[in-house]
Amino acid sequence: EFWKDGVRGEGGGAVWRPPLRRVEGEFWKDGVRGERNWATERQGAAVSDRQTSSVWRTCAQAGGGVRAQAVAEEDYTAMGKKFEEDLAEPEEIMAYALDMYPGEVAIAFSGAEDVVLIEYAKRTGKPFRVFALDTARLHPETYRFFDQVEKYYGLRIEYVFPDKQEVEDLVNRKGLFSFYEDGHKECCGVRKVRPLGKKLSTLKVWITGQRKDQSPSTRSDVPTIQKDASFKGSDGGELVKVNPLANVSSAEIWALIRTMELPYNPLHEKGYVSIGCEPCTRPVLPNQHEREGRWWWEESTLKECGLHAGNLK
């Protein structure tokens, strides 16, 4: 076989051309053989179509594996719209995300009901990574929950920590609870946003537990797949954000957790719904919206810490 830039071709020397022989079941685009994406097959893409696909990857030489090519924004945006139209299951969206850039995709786990993301990833049978932000101000129950999830799924969570010097400077300058007086943005920036940005700069895709019903004012339009306008991915390139739970309700999430007897944060039994740092989270009363338990001393319609700043309009 003769290879050029990771693509198998015919001939050799100074002359190279795409392979001429085509085998049934292969997928072709512009004369080059590639691999069809699992999610596209599940969406009913015609096997006879050799020229178009929402995700197309060339065959790599090394180890007979697959090297992911850049996935065009119009392609994953179109697939996201199709997922919306077809009311695709979260597991299907998860499989698509994990296939986009194998090894450069990770699930962001907050230590709350988004544990179902890990369950869906496990069901795909594909390798996956999980990371979590440790702000050093989480509830003890959340830390124990992290440990429980690691043991339940047999995985290691990749913990992300804030910069020690930045935290020291902030606390020594303004005290431990300055956010009650001048807002949570500065503290969240130090403990959450910048550490997240550093982690995302090593990835091409991150998977979140955002849902449309979490916040009517900031998340009601969350798509299943989007270009992240707030952060950059590896090598300073484009970062894709996938939200498999965008169209799933809280009731459906909890039906799955109870039915499958999945582990969950014990704070949920104490009235906590949306769970973040201990000083900035409290239980909500009956008929209160879940985001009312976060930063309750601030404007109630714009409850975002900066991790999903693109939701603010």
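Above this text you will find the structure in question.
Note that the structure is predicted; figures quoted are calculated from it, not measured. Every chain is numbered on its own, with residues counted from 1 as its sequence reads. Side-chain atom pairs in this predicted model are given and counted only at pLDDT of 80 or more, local residue features only at pLDDT of at least 70, and totals for whole chains, interfaces and linings cover all residues. To obtain the side-chain values, all non-hydrogen atoms of the structure were included, while hydrogens and water were left out.

Q: Help me understand helix 2 (residues 73-86) in this model?
A: In an α-helix, one turn spans 3.6 residues, which is why side chains three or four residues apart end up on the same side. Numbering goes from the N terminus for both helices and strands, where a helix is a DSSP run of H or I of at least four residues and a strand is a run of E of at least two. What a helix is expected to span follows from its residue count: subtract one and scale by 1.5 Å. An ideal rise of 1.5 Å per residue puts 20 Å on 14 residues; helix 2 measures up with 20 Å between its terminal C-alpha atoms. Burial classes follow relative accessibility: with a 1.4 Å probe on protein chains only, a residue under 20% of its type's maximum area counts as buried, one over 50% as exposed, and anything between as partly exposed. Listed in full, the buried residues belonging to helix 2 are Tyr76, Met79, Gly80 and Phe83. Angularly, the buried residues of helix 2 cover 105° about the axis, an arc narrow enough to put them on a single face. Residues of helix 2 that are exposed and angled more than 90 degrees away from the buried face: Glu74, Lys81 and Glu85. Just beyond helix 2, the residue with positive phi is leucine 87, at close to 50°. In this description, one arc is meant: the one made by directions from the helix axis to the C-beta atoms.

Q: Would you explain the pattern of salt bridges in this entry?
A: Proximity of charged atoms lets side chains of opposite charge pair with each other. Salt bridges are defined by distance alone: a side-chain nitrogen of Lys or Arg within 4 Å of a carboxyl oxygen of Asp or Glu. A complete count under the given rule lists 17 salt bridges for this structure. For glutamate 158, the salt bridge goes to arginine 129, with nearest N and O atoms at 2.9 Å. In this pair, glutamate 158 sits in strand 9 (residues 158-160) while arginine 129 sits in the loop between helix 4 (115-124) and strand 8 (130-133), placing the two residues 29 residues apart along the sequence. Exposure remark for glutamate 158: the relative accessible area of 24% places this residue in the partly exposed category. With relative accessibility at 25%, the residue arginine 129 sits in the partly exposed group. For lysine 164, the salt bridge is made with glutamate 168, and the minimal N-O distance between the two is 2.6 Å. In this pair, lysine 164 and glutamate 168 both sit in helix 6 (residues 164-174), four residues apart, roughly one turn of the helix. According to the relative accessible area criterion, glutamate 168 is partly exposed, its value standing at 31%.

Q: So what exactly am I meant to see when it comes to the sheet that holds strand 11 (residues 225-227) here?
A: Within a sheet, neighbouring strands are paired by backbone hydrogen bonds and run either parallel or antiparallel to one another. When DSSP locates at least two bridges between a pair of strands, those strands are taken to pair. Overall, mixed pairing links the six strands, which are arranged 9-8-7-10-12-11 in an open sheet. This sheet does not close on itself; its edge strands, each paired only once, are strand 9 and strand 11. Across the sheet, the axes of successive neighbouring strands diverge by a mean angle of 30°, strand direction being ignored. Sheet topology places strand 11 next to strand 12 (residues 240-242); three bridges connect them, and they run antiparallel. Among the inter-strand pairings, isoleucine 225 is bridged to a residue of strand 12, identified as valine 242. Note on definitions: a residue-residue contact is assigned when non-hydrogen atoms from the two residues lie within 4.5 Å. To get an axis, fit a line to the C-alpha atoms, keeping to the stretch in contact for a helix; angles then go from 0 to 180 degrees between the N-to-C directions. On top of the sheet, helix 2 reaches strand 11 and strand 12; it is set at about 150° to strand 11, its chief contact.

Q: Explain empty space enclosed by the protein here, please?
A: The method is simple in principle: a probe with the dimensions of a water molecule rolls over the atoms, and the space it marks as empty is what remains. Here the term cavity refers to a set of points on a 1 Å grid, laid over the protein atoms alone, in which a 1.4 Å probe fits but cannot get out; the term pocket refers to an open set having protein on both sides within 12 Å along at least five of seven lines, with lining residues being those that place an atom within 4 Å of a point. Grid points are joined across faces, edges and corners, and a volume is the space filled by probe spheres set on the points. As enumerated under the stated definition, the model contains four cavities of 30 Å³ or more in all. Quantified by volume, the second largest cavity comes out at close to 110 Å³. Surrounding the second largest cavity, Arg137, Phe179, His184, Cys187, Cys188, Arg191, Lys192, Cys277, Pro279, Cys280, Arg294 and Trp295 form its lining. Polarity classes work like this: nonpolar for Ala, Val, Leu, Ile, Met, Phe, Trp, Tyr, Cys and Pro, charged for Asp, Glu, Lys and Arg, and polar for all others, with Gly in that last group. Its residues assigned to classes, the lining of the second largest cavity shows seven nonpolar, one polar and four charged.

Q: Would you mind showing me how to read unusual backbone geometry here?
A: Although it is not a glycine, alanine 136 adopts a positive phi angle of roughly 75°. Tracing the backbone through its elements, the reader meets alanine 136 in the loop between strand 8 and helix 5 (140-153). Non-glycine residue tryptophan 295 carries a positive phi angle of around 45°. One can find tryptophan 295 in the segment after helix 9 (250-260).

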